[in-house]
Structures are given as C-alpha cells and as structure tokens.
Amino acid sequence: MRWAMNLRYGMNPHQRPATVEPLDGTAPVRVLHGEPSYINMLDALGGWQLVREAAGALGRPAAASFKHVSPAGAALAGALDAAMTESYRLGPGPAGALTSAYVRARDTDPKSSYGDFAAVSAPVDAELADLLRRLVCDGIVAPGYEPGTVATLSAKKNGAFVVLEADPAYQPPTQEVRDVCGLRFVQPRDDAVLDRTTLADVQVGTVPDGARDDLLLGLIVVRHTQSNSVAYVRDGMTLGVGAGQQSRVDGVRLAGAKTDTWWLRRHPRVQALTTGGDRKIQDRINDQISYLDADPAMREDGTGPVPLTGADRARWLRQLDQVALASDGALPFPDNIDHAHRHGVRYIAEPGGSTRSADVAAACQDRGIALIHTGLRLFRH
C-alpha cells in the first residue's frame, strides 16, 4: 500500500490539493508537528541533505537556513563573535555546538533568513529550541529531538510551526525522476563524493588545511543551491551565497555584496546601533541593515545615526581577508577573479576546464589567490 502525505497547499496557495509520496515506499522524513507546504518540504529536504553531507565530510555539527529552495546560509559548529552573540541575544556563556552552527548559518544573510526553514545535523536540544522560539522561522528538520523540545517548537506560530524528523539511515533511490509540462525526466542521482581529495588539483598557490575545509564546505553548499551559484566561506561558515544567477559573474558579485554586508555589520558604529535594549532579534538586525542601506544624503539634516562614509566603508572592508570562494561551475572570465578579490577572497575552488581557464589562473596568480580545479560541475535546477 502506497503512503502519501497531504500538504497544506502546492507551490502556491491556489494549487490545491497537493500531496507528496515516496518513490520506493519509504520516506526520508516524518512530520512530528504542523502541516508542511510544498515549498516547506522542498526546503526541508534540501537543507537536510546539505547538513548531513557537510557534517559527514567535515566531522562537525552543521546547520543551514533554507529559503525558497536555496540556502541563505550554512555553517559548521564554531565560535560566535561578539556581533552574533549580541544580535541574537545569547547569554554570556559559550553556545552549544548546534546553536552555534545555526546562528552562524542564519547570520550569513539574516534578511533572507526571515521566515526560513532550519536544518541541523544532530538532535535538537533545549538551547536551540529556545532560540528558534524567539526567531521568525517556519520550521525545522533534524535527525531527532531531545525531550521537551518538540513541545517548545510546536507552540511557535500559534501552533503552525513545522517539525520534521529525518531518518539518518535513509538512502534515496539511485534514479531521480521529475515531471515537467507532460515530460518525464530521468537521470542518475548526483552521488559524486565531495571530500578533501576533491581539492587535490592545486593550479595556483598553496592552500592551508583550514582553507581547504572552507572550500569543501563551500562546494557542498553550492551543490544544494539553485545554479548558477557561488559561496563565500570563512572559518567554517558562509559569508555570502549567490544563488540562481544566469551570469556567473553576477553570482560572484551578489555573494560578494552579501559578504560585505556581513562584514560591515561588525563595524563598531553599526554594532552600537543595537547594543542593549529589548527589541526583537529581527528588528535589531533590520536596524543594522537599514542603516547600511540608507543613502547618507538623507541624513544631511543631522538627525539619526551618523552614517558610514564611503571612506569609512572602504577602510573597514579592506580588513576582510582569508575568504574562500566555491563555484558550482567553471569561472569563464578573469573578471570573476577581480570581483572576488575585492571581497577578501584568497582561495578559490571551481571545476576548471573552460576555454579561458588559463586566463583565470593567470588572474589568480596576479591577485595572489590560490586556485583549485575540482573537475566537478555541481549544477542544481
């Protein structure tokens, strides 16, 4: 007997009824609470695959913040800086591994993460459940839940918060099937292994172990991101993800702009805007982003916070360094390297093999950027 799950609605609310059913009779997730929509399920399945792969490849708990079938951010467990601790109103002690991973993932692009679907690679604990209770988030997928956490999460959004439990042992079918406009597409599942051996072909410069781990995380992120995509990564967390761009260089520029915003939010003048007080977490973050987005000319009357000038921004951005960039496809022109260099990129991993790969390598050499060819294209559509 085939099993099927009713969904709240399809891709859009007017697409009803909608269901999801497993191809082989078993499902990778089960619903513990809530009624997921079509997009909720896509985000949950994408996020779960990303964090399971990242945690397995890098040996640390992983988290992702998914929105519209691409990660707004992803990260491994690690240290939280003062900006994250203050922005998310965390206590004075160190955060647990899972909480740190999710905060680092969400802080990549908190504007895009508003109303996200969270994914974590380990069972949810009370600390993470309490944080999620205070954030605008639509649901979570995890391989388990510690006692009491499902009840905490189930109370969110007046009971509409979606709680899914993933089966870590589940292996998807070897064939992927997709129906589009009356045609059925069938292909082998992309099961290429991403690990440190993927980064063996160094074309330019040298790559230390920490940067290799960042590049590996970046490759896993772009594998689960709508193409064309690039990811900027440092210290085990994404700083900016450029997803779904028709032009490769636009993806590089978009992710670079998000990386600049991430770094500018750490400027002392920006941090002073939201220190203390009892405003909600998202409101505090929105204040920072609005301040950075506002036209300085709008404050010529002397009211409001003193804006950062172009010179202020340039001085601060010059301090950002040791950033890794991973691309799901070959970088076709050297202009990609010029843009990446402006955002502190020192290491790049891309498939290589384009007609201008030699020009791209020469640009890396000129800019002091190490370059690795993976030989793997990781498109997702």
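A brief structural summary. This one's a predicted model, so the numbers in the text were calculated from it and none came from an experiment. (Residues numbered from 1 in each chain as written. Predicted model: local features only at pLDDT ≥ 70, side-chain atom pairs only at ≥ 80, totals over all residues. Heavy atoms only, no water.)

### Some words on the pairing of strand β13 (residues 237-242)
In step 1: Summarising burial for β13: six of the six residues are buried, a large majority.
In step 2: Following strand β12 (residues 230-234), the chain reverses through two residues before pairing antiparallel with β13; D235 in that reversal takes a positive phi of roughly 55°. (Buried < 20%, exposed > 50% of the residue type's maximum accessible area, 1.4 Å probe, protein only. Helix = DSSP H or I, 4+ residues; strand = E, 2+ residues; numbered from the N terminus. Pairing = 2+ DSSP bridges.)

### As for helix α3 (residues 97-106)
In step 1: For α3, the tally of buried residues reaches nine of 10 residues, placing the bulk of the element in the interior.
In step 2: Taken together, the buried positions of α3 are occupied by L98, T99, S100, A101, Y102, V103, R104, A105 and R106.

### Examining the pattern of salt bridges
In step 1: This model, assessed by the stated rule, comprises 22 salt bridges.
In step 2: Among the salt bridges present, the one from E165 reaches R30, with a minimum N-O distance of 2.7 Å. You can see E165 sitting in strand β8 (residues 162-166) and its partner R30 sitting in strand β3 (residues 29-33), a full 135 residues away along the chain.
In step 3: Across the salt bridge formed by R367 and D338, the nearest N and O atoms sit 3.4 Å from each other. (Salt bridge = Lys/Arg side-chain N within 4 Å of Asp/Glu carboxyl O.)

### Focus: the packing of aromatic side chains
In step 1: Here the structure, examined in full by the defined rule, presents two aromatic pairs.
In step 2: With a centroid separation of 5.3 Å and 25° between ring planes, the pair formed by W263 and W316 is classed as stacked. Highlighted residues: W263 in helix α7 (residues 248-264) and W316 in helix α10 (residues 310-317), separated in sequence by 53 residues.
In step 3: Here the aromatic cluster, defined as three or more aromatic residues joined through ring pairs, consists of W262, W263 and W316.
In step 4: One cation-aromatic arrangement involves R266 over W262; the distance from NZ or CZ to the ring centre is 3.8 Å. (Phe/Tyr/Trp six-rings, centres within 6.5 Å; stacked < 30°, edge-to-face > 60°. Lys NZ or Arg CZ within 6 Å of the ring centre and 35° of its normal.)

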